Amino acid sequence: MIRKTWAATLLLAGTLAFTGCKKDEPAAPKSLYDRLGGVNAISAVVDQFMLNVAADPKMARTFAPLVQDVVKNGGDPAKSTRFQSLRNNLIDQIGQASGGPQTYKGKDMVTAHKGMAITDDEFNSLVNDLVASLNKFNVPSTEQTELLTVLGGLKPQIVGK
Ligand code: HEM
């Protein structure tokens, strides 16, 4: 009888210690990628962002060759491999930068923007086009700030090249 009680006590103590340990473990913080909603949400944001860029007069100078390629393909962005390549590169770049499983396979930022002489004003306009898209999809300000901080860090590689 004494033995049985001891065994039960030990079992109870062990169970408590085990569950207690589990409960004390801090929940793994969710990556920015997960908080943004993963690849589907990021793709939707990028698609809207590209529409905003296409309609932004301040982007016309630098994006003229891309727009020409879309026009050459009957005005259908889905048929322009150049447009699709930029779209997929942006999804991969944002996915990777936010902690997702994607791997960015495009050019480095200096090479991609070389010769464009992008100004501060143009850079800010592009950021506004992105923010308009993030707002459209109700991305909370914490996640917007985190994403813009990561992308903003690329500015020295993009402006004035
Ligand atoms: C943080 C800001 C930016 C990011 C993350 C970004 C990202 C990219 C990426 C991933 C590419 C494709 C690279 C490749 O083809 O391998 C690209 C190309 C390009 N970017 Fe940016 N970019 C940024 C800012 C800007 C700004 C401010 C402008 C213009 C005002 C701009 C204009 C362009 C143009 C014109 C292309 C080439 C599109 C084409 O003709 O195919 N980018 N950018």
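It should be emphasised that the depicted structure is a prediction, and the values quoted were computed from it without experimental measurement. Starting afresh in each chain, residues are numbered from 1 along the sequence in its written order. The predicted origin of the model limits local features to residues at a pLDDT of at least 70 and limits the giving and counting of side-chain atom pairs to 80 or more, whereas totals for whole chains, interfaces and linings rest on all residues. Remark: hydrogens and water are excluded; side-chain values derive from all non-hydrogen atoms of the structure.

**With respect to the site of the ligand**
Part 1 of the reasoning: One heavy atom within 4 Å of a molecule or strand makes the whole residue count as near it. Taken together, 23 residues surround the ligand, and among them Thr62, Arg82, Gln93, Lys107 and His113 come closest.
Part 2 of the reasoning: In this structure, Arg82 approaches the ligand through a side-chain N or O atom, which is 2.8 Å from an oxygen atom.
Part 3 of the reasoning: For this analysis, a polar contact is any N or O atom pair within 3.5 Å, provided that within protein one partner can donate a hydrogen and the other can accept it, and provided that sequence-adjacent residues contribute only side-chain to side-chain pairs. Measuring from a nitrogen atom of the ligand, one finds a side-chain N or O atom of His113 at 2.9 Å.
Part 4 of the reasoning: Here a strand is any run of E in DSSP of at least two residues, a helix any run of H or I of at least four, and the numbering for each starts at the N terminus. Looking at the shell around the ligand, the elements with two or more residues in it are α4 (60–72), α5 (81–97), α6 (109–112) and α7 (120–136).

**Some details on the environment of Ala97**
Part 1 of the reasoning: Within the secondary structure, Ala97 sits in helix α5.
Part 2 of the reasoning: Burial classes: relative accessible area under 20% of the type maximum marks a residue as buried, over 50% as exposed, and values in between as partly exposed (1.4 Å probe, protein chains only). A relative accessible area of 35% places Ala97 in the partly exposed class.
Part 3 of the reasoning: With 64 residues separating them in the primary sequence, Ala97 and Tyr33 have C-alpha atoms 8.3 Å apart.

**Considerations on the side chain of Ser133**
Part 1 of the reasoning: Here Ser133 shows up in helix α7.
Part 2 of the reasoning: Note on Ser133: relative accessible area 0%, which makes it buried.
Part 3 of the reasoning: For Ser133, the side chain forms a polar contact with the main-chain oxygen of Val45, separated by 2.7 Å.
Part 4 of the reasoning: Should any heavy atoms of two residues lie within 4.5 Å, those residues are considered in contact. When near neighbours in sequence (up to four residues on either side) are disregarded, Ser133 contacts Val45, Gln48, Phe49 and Asn52.

**Looking at the UniProt feature "binding site: heme" (unreviewed entry) in the protein**
Part 1 of the reasoning: UniProt positions are given in the numbering used here, feature names are shortened, and annotations may be inferred rather than shown by experiment. According to UniProt, the positions carrying the feature "binding site: heme" (unreviewed entry) are His113.
Part 2 of the reasoning: Tracing the backbone through its elements, the reader meets His113 in the loop between α6 and α7.
Part 3 of the reasoning: Discounting residues that sit within four places of it in the chain, His113 has contacts with Ile118, Ile158 and Lys161.
Part 4 of the reasoning: Looking at His113, its side chain comes within polar contact range of the main-chain oxygen of Met109, at 2.8 Å.

**Thoughts on the packing of α4 against α5**
Part 1 of the reasoning: In contact at an axis separation of 8 Å, α4 and α5 are set at 125° when each is read in the N-to-C sense. With respect to their mutual orientation, α4 and α5 come out oblique. For the pair α4 and α5, the contacting residues are Phe63, Pro65, Leu66, Asp69 and Val70 in the first and Thr81, Arg82, Phe83 and Leu86 in the second.
Part 2 of the reasoning: Side-chain classes are defined by residue name, with Ala, Val, Leu, Ile, Met, Phe, Trp, Tyr, Cys and Pro counting as nonpolar, Asp, Glu, Lys and Arg as charged, and the others, Gly among them, as polar. Looking at the contact of α4 with α5 residue by residue, the class counts come to six nonpolar, one polar and two charged. Inter-axis angles, ranging from 0 to 180 degrees, are taken between N-to-C directions of lines fitted to C-alpha atoms, where helices are fitted over the stretch in contact. What sets the label is the angle itself: under 35 degrees gives roughly parallel, over 145 gives roughly antiparallel, 65 to 115 gives roughly perpendicular, and the rest give oblique.

**Observations concerning α4**
Part 1 of the reasoning: What the bend at a residue measures is the angle between two axes, fitted to the seven residues ending there and to the seven starting there. Considering bend angle alone, the principal kink of α4 is centred on Leu66 and spans about 35°.
Part 2 of the reasoning: Buried residues of α4: Thr62, Leu66, Asp69 and Val70, and no others.
Part 3 of the reasoning: As for α4, its buried residues are in contact with α5 and α7.
Part 4 of the reasoning: Downstream of α4 by one or two residues, Gly74 has phi in the positive range, about 75°.

**Structural notes on the pattern of salt bridges**
Part 1 of the reasoning: Counted as salt bridges are all cases of a side-chain nitrogen of Lys or Arg within 4 Å of a carboxyl oxygen of Asp or Glu. With the rule as written, the count across this model stands at nine salt bridges.
Part 2 of the reasoning: Here Arg87 ties to Asp47 by a salt bridge, and the two come within 2.6 Å at their closest N and O atoms. In this pair, Arg87 is assigned in helix α5 and Asp47 in helix α3 (residues 38–54), connecting sequence segments 40 residues apart.
Part 3 of the reasoning: For Asp47, a relative accessible area of 32% corresponds to the partly exposed category.

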